[in-house]
Amino acid sequence: MPIITTSDQVELFVEEAGSGEAIVFVHEFGGDMRSWEPQVRYFSRRYRCITFNARGYPPSAVPDNIDAYSQRRAAEDIRDVLDSLGIDKAHIVGLSMGGFATVHFGLIAPQRALSLVVAGAGYGAEKEHEDYFRDVSLEVAAQFEKQGAEQFSKTYSLAASRIPFLQKDPRGWQEFQDYLSQHSAFGSAMTMRGVQARRPSLYDLEAELKAMPVPTLIVVGDEDDHCLQPGIFMKRAIPASGLAVMPKAGHTLNLEDPALFNQLVAEFLASVAQNAWLPRDPRSQPSQIMKTS
């Protein structure tokens, strides 16, 4: 499990398994590289699967300067992982915080992305909820520092969008909470303040998204309310995109329903490999719904 050094001299802990085209999995705020185990076990049979812990998540480094944490930096860390491993292009798969990083990677380095899977991304993007999201993000950071990760994980893991996971797979949910309890409270607080609370709304990136050429699969759970509308927005904005809505699913999509998630991603990757995941045909635009001439 090598340690790579980013372009701003931060050490990141990396794991890989399998061979073939590379897939980089980018974890959510409440997870870490271990959160992708159901995907690594499945996809490493045919792909080179790479996971890493984001900065702030030991054994990766935990910088003590807030300026070391940002949405831009999270996307650049993906590029630095590719560079350090000698990989020119890769499929990028991200969940939630990792989904935002995946979108931004597609914006800053589209030539390095074979495809993007953006799952459970959208919290804080809705313009009417921006102020609330920033305020609650800062409160989450404060509670991590005040209570510590072991104690506060018991509260954070019971957020509304985690309840579907708890209901359908209590054992899997408990493992998620156990892993979260082991995180660095300081690293979690810095990540929440530097990345989550300061990231731009997806809606402010509409022009850039419309110009992004990378094949993109957007995946949302139908009980992950604050990601549904942003998911539809991204579907309409990104030219070569498709939207999959997983039924009776919350935020922790890849762990809640790993078989369905893996199937969706596998079929998407197969389409990309055949150059069959194309931008939307203009003939299918809504204005053409009733053809008269």
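One structure accompanies this document, and this report is about it. Since we're looking at a predicted model, the values are computed, not measured. (Residues numbered from 1 in each chain as written. Predicted model: local features only at pLDDT ≥ 70, side-chain atom pairs only at ≥ 80, totals over all residues. Heavy atoms only, no water.)

## Some words on the packing of aromatic side chains
And step 1. Enumeration according to the criterion identifies 13 aromatic pairs in this entry.
And step 2. Geometrically, the ring pair formed by Phe152 and Tyr156 is tilted, given 6.3 Å between the ring centres and 50 degrees between the ring planes. With a gap of four residues between them, Phe152 and Tyr156 both fall in helix H5 (residues 149-156), about one helical turn apart.
And step 3. Look at Tyr156 and you get buried, because its relative accessible area is 16%.
And step 4. One aromatic cluster is present, formed by Phe25, Trp36, Tyr42, Phe43, Tyr47 and Phe261 through successive ring pairs.
And step 5. The ring of Phe100 is capped by Arg199, whose NZ or CZ atom sits 3.6 Å from the centre of that ring. (Phe/Tyr/Trp six-rings, centres within 6.5 Å; stacked < 30°, edge-to-face > 60°. Helix = DSSP H or I, 4+ residues; strand = E, 2+ residues; numbered from the N terminus. Buried < 20%, exposed > 50% of the residue type's maximum accessible area, 1.4 Å probe, protein only. Lys NZ or Arg CZ within 6 Å of the ring centre and 35° of its normal.)

## Side note on helix H8 (residues 185-196)
And step 1. In terms of burial, H8 is a largely internal element, 10 of the 12 residues being buried.
And step 2. Among the residues of H8, Ala185, Gly187, Ser188, Ala189, Met190, Thr191, Met192, Gly194, Val195 and Gln196 are the ones counted as buried.
And step 3. In this fold, the buried residues of H8 make contact with helix H2 (71-84), helix H3 (97-108), helix H4 (130-147) and H5. (Contact = heavy atoms within 4.5 Å.)

## Brief notes about unusual backbone geometry
And step 1. In the segment running from Pro58 into Pro59, the intervening peptide bond is cis, with an omega of 10 degrees.
And step 2. Within the element layout of this structure, Pro59 appears in the loop between strand S4 (48-52) and H2.
And step 3. Positive phi, normally seen in glycine, also occurs at Gln9, with a value near 65 degrees.
And step 4. Phi angles above zero are rare outside glycine, and Asn275 is one such case at about 55 degrees.

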